[in-house]
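Architecture and fold: a report
The primary structure of each chain is shown beneath.
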Amino acid sequence: MTRTTSDRIHSQPTASSLAVVAERALPTSNLDQQTSAIRWVALFFALGFAALVAGTVSGQKPKYQVMELDEQIDKNLSAYQREASLYATAQDVSSIPENRALGVRKYFQIYVPSKITQPDATDQISEIMSHAISSMDRGIRSKTAGGNDVMKWLYMGLKPVAVGNYQPAARINAILFISRLARPPAQRGGLPQPYPFVLADMLAIYGDAAAPAAVRAAALQGLERFVRYTPPASIPAAAKEQLNLEMTKLLESQPAPGQDELVHAFLQRYAVNILSNLSTDATLGKQLVSLSTNESSPNLIALHSAAAIASLPQKMAAGDFETKEVLSQWSQRVLKAYESEVKRLKALDPSQQQKARQPVAPESFLKKKVEKTAATARTMMGGSDMMMDDSMYDDMMMDSSMMDDSMMGMDMMMMGGGRRMMGMTDKPQPAEIIASRKKLNHVLEQVLRGVTGSGQLVEDVDSIEPTAGLIAATPAESLPNVKIWIESINTLAGELNDRSMIERRAFVKALEANVESLKELAKGKAVVAREPIEQFPMGFGFGDQPAENAGGQPPAAGAGAEGAAANPAAEEARGIEAEMNALLNE
């Protein structure tokens, strides 16, 4: 089923939504400006691929609507895109000829939506949407009338795609676009203010149980973004009630048949964020504690729930949890994370891997004994024609790869007949150690935030104000045990970020010692620090970078860029960002 170009160019959205989007656009916030086109392309591609899989997993190809494509624009796409980009940055659109303005409007309102609904153009969706959005963003940042028109036309064209029966990849892209529409912040450095109609659109899509799972997931992300940037007082009471109902239902649900538990846990994280901002239910804290202490809960939702306790709008009731039991369960979760890293790092050690040998060539058994004897004699006499078979060569290559890590990456120079090696401290942190530190620092930070209300490491535990987290609802008689636990986490964090641990084998041994300490911590015993170490400044850092933070909060992902040009370890850390993020989700 298709809609004609004429029908869509003259169709109008509701009066309320059009009035909102027709407001004069101002520059977007710094936060939105920093969102690169690469992230959009990656997100569109990932969710689009998930949508394609979801749409075909049943074995029957669903029937989706397809909008009529303007062939003239499709054949002259580059020319229309140039005109569209110029229009978006035009301060005075009244000087643009009417036929050119109409062509630009058809491109944004007609061509872009129709192109992404074509079943044979799914591989072009990211490129089409990226151009449209970047054109709009440039106009909005420049405070142009053209940018405002582009935003209005795109919304009018993509809204029907978002809510209609079109292929999931197209709907997801339309939903993500609508979810980003927001007024600029009132002042520099402020937060964007999502338009009210975004909430209504996202609620309608998420509430459609018949919609593909990937489409509802995109709408859920839009809901979380809206709640994150909108003061609760500005959200209508009816919408709050519906949000609380839907998110509580999601938080209490189990993975659907055939759904990966990590996918379900990731969606539940959005529910936790929304409820933490909106819910006034006194039992929410108890529910988060239950999620974080459930052994069957993946770290993806368990650690997130633990940290979310710190941001609850009200304190938890003392009777909602048993402090000792919660700390024991969280210690067990930290223990499993450490054990997982030890296992992973040991698997990277060549000495733990079985040597791969090439089978002996069958023809070697057919050689005459006398030839073999002669060859052996020449070898023993140091003859120049000494031969090596494949197995000998492979053994030598394997032995060279088993070289101690301390010998790698260090310059050796011959001076006056002797050797000089550059200092150990000049060696960058190996990538696998940086990745482990990032993962384990994240785990420690999440549980510490859940207990103290802040992920910040504090030297003087007695100075912690019990205003948030578990400690705020802990009875006075249990506070000493909580403080011992906090000091133990501080000790583990210090040893994890020991500057001297730059070799994999030494780092693994240190983690193994921490594993034993964590086993005792899970039983309620304190972690005893090993001999004095040279550690990073107080904070959850990784690599060679000090974890500096003037704001008193743990460094965010990607922090420490200042001075990175002079720090090889910082460059290496950024180079393995994808690996680190993957490790966090294990």
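What counts, and at which threshold
- Residues numbered from 1 in each chain as written.
- Predicted model: local features only at pLDDT ≥ 70, side-chain atom pairs only at ≥ 80, totals over all residues.
- Heavy atoms only, no water.
- Helix = DSSP H or I, 4+ residues; strand = E, 2+ residues; numbered from the N terminus.
- Buried < 20%, exposed > 50% of the residue type's maximum accessible area, 1.4 Å probe, protein only.
- Contact = heavy atoms within 4.5 Å.
- Areas by Shrake-Rupley, 256 points an atom, 1.4 Å probe, with all protein chains shown as cover.
- Axes fitted to C-alpha atoms, helices over the stretch in contact; angles between N-to-C directions.
- Parallel < 35°, antiparallel > 145°, perpendicular 65-115°, else oblique.
- Left-handed = near helix turned anticlockwise from the far one by under 90°.
- Nonpolar A, V, L, I, M, F, W, Y, C, P; charged D, E, K, R; others polar.
- Expected span 1.5 Å × (residues − 1).
- Salt bridge = Lys/Arg side-chain N within 4 Å of Asp/Glu carboxyl O.
- pLDDT = per-residue confidence, 0-100.
- Polar contact = N/O pair within 3.5 Å; in protein donor to acceptor, adjacent residues only side chain to side chain.
- Phe/Tyr/Trp six-rings, centres within 6.5 Å; stacked < 30°, edge-to-face > 60°.
- Lys NZ or Arg CZ within 6 Å of the ring centre and 35° of its normal.

As a further point, take the overall build of the protein chain. The helix and strand tally for the protein chain stands at 24 helices and 4 strands. Each of the 586 residues in the protein chain was classed as buried or not, and the buried ones make up 46%. Of the contacts formed within the protein chain by residues at least 6 apart in sequence, a portion of 74% connects residues at least 24 apart. Accessible surface computed for the protein chain: about 30300 Å², of which carbon and sulfur atoms make up 55%.

Its location among the elements puts Phe177 in helix 10 (residues 168-179). Through-space distance from the C-alpha of Phe177 to that of Leu154 is 8.8 Å; in sequence the pair is 23 residues apart.

A few words on the packing of helix 17 (residues 323-347) against helix 22 (residues 504-521). Axis separation between helix 17 and helix 22 bottoms out at 9 Å; the angle between their running directions is 155°. With respect to each other, helix 17 and helix 22 are oriented roughly antiparallel. The chirality of how helix 17 crosses helix 22 is left-handed. Along its contact with helix 17, which presents Ser331, Val334, Leu335, Tyr338, Glu339, Glu341, Val342, Leu345 and Lys346, the element helix 22 presents Arg504, Phe507, Val508, Leu511, Glu512, Asn514, Val515, Leu518, Lys519 and Leu521. In terms of residue class, the contact of helix 17 with helix 22 is built from 11 nonpolar, 2 polar and 6 charged.

In contact at an axis separation of 9 Å, helix 6 (residues 77-88) and helix 7 (residues 98-116) are set at 105° when each is read in the N-to-C sense. By the angle between their axes, helix 6 is roughly perpendicular relative to helix 7. Residues Leu77, Tyr80, Gln81, Glu83, Ala84 and Tyr87 of helix 6 pack against Arg100, Ala101, Gly103, Val104, Tyr107, Phe108 and Tyr111 of helix 7. Its residues assigned to classes, the contact of helix 6 with helix 7 shows 9 nonpolar, 2 polar and 2 charged.

Moving on: the side chain of Ser297. Along the chain, Ser297 falls in the loop between helix 15 (284-293) and helix 16 (299-308). Residue Ser297 is classed as buried on the basis of its relative accessible area, which comes to 9%. Excluding residues within four positions of it along the chain, Ser297 makes contact with Leu291, Ala302 and Arg333.

A few words on helix 21 (residues 479-496). Taking 1.5 Å per residue as the helical rise, helix 21 with its 18 residues ought to reach 26 Å, and the 26 Å between its terminal C-alpha atoms agrees with that figure. Among the residues of helix 21, those classed as buried are Val482, Trp485, Ile486, Ser488, Ile489, Asn490, Thr491, Leu492, Ala493, Gly494, Glu495 and Leu496. Buried residues along helix 21 sit in contact with helix 17, helix 20 (431-452) and helix 22.

Below, the discussion takes up the pattern of salt bridges. On inspection of all chains with the given rule, the structure shows 15 salt bridges. With a closest N to O distance of 3.2 Å, Asp74 and Lys115 form a salt bridge. With Asp74 in helix 5 (residues 71-75) and Lys115 in helix 7, the pair connects residues that are 41 residues apart, well separated along the chain. A network of salt bridges, in which partner residues are shared, links Glu341, Arg344 and Lys439.

Let us look at the confidence of the model for the protein chain. Model confidence for the protein chain is summarised by a mean pLDDT of 76, while 67% of its residues fall at 70 or above. Looking across the protein chain, the model is least confident in strand 3 (residues 412-415), with a mean pLDDT of 34, and most confident in helix 10, with 97. Overall, residues 10-42 carries pLDDT values under 50, and its contacts beyond four positions in sequence, including any with other chains, amount to 61 contacts. Long-range and interchain partners of residues 542-586, a stretch whose pLDDT sits below 50, account for 83 contacts in this model, where long-range means more than four residues apart.

This part covers the side chain of Ser114. The residue Ser114 is located in helix 7 in this model. At 2.8 Å, the side chain of Ser114 forms a polar contact with the backbone oxygen of Ile110.

Let's shift gears to the packing of aromatic side chains. A complete count under the given rule lists 6 aromatic pairs for this structure. With a centroid separation of 5.0 Å and 75° between ring planes, the pair formed by Tyr107 and Phe108 is classed as edge-to-face. Summarising the aromatic geometry, the rings of Phe266 and Tyr270 are spaced 5.5 Å apart at their centres and angled 85° between planes, so their arrangement reads as edge-to-face. You can see Phe266 and its partner Tyr270 sitting in helix 14 (residues 261-278), 4 residues apart, about one turn around the helix. You can call Tyr270 buried: its relative accessible area is 13%. Put simply, the rings of Tyr107, Phe108 and Tyr111 pair up and form one aromatic cluster. A cation over a ring is seen here: Arg216 above Tyr206, with NZ or CZ 4.5 Å from the ring centre. The ring of Tyr229 has Arg228 lying over it, and the distance from NZ or CZ to the ring centre is 4.9 Å.

For the rest of this paragraph, the subject is unusual backbone geometry. The residue Lys143 is not glycine, and still its phi comes out positive at about 55°. One can find Lys143 in the loop between helix 8 (125-141) and helix 9 (145-163).

This paragraph deals with the environment of Leu245. Looking at where Leu245 falls in the secondary structure, it is placed in helix 13 (residues 237-252). Taking the C-alpha atoms as reference, Leu245 lies 9.8 Å from Ser279; in sequence the two are 34 residues apart.

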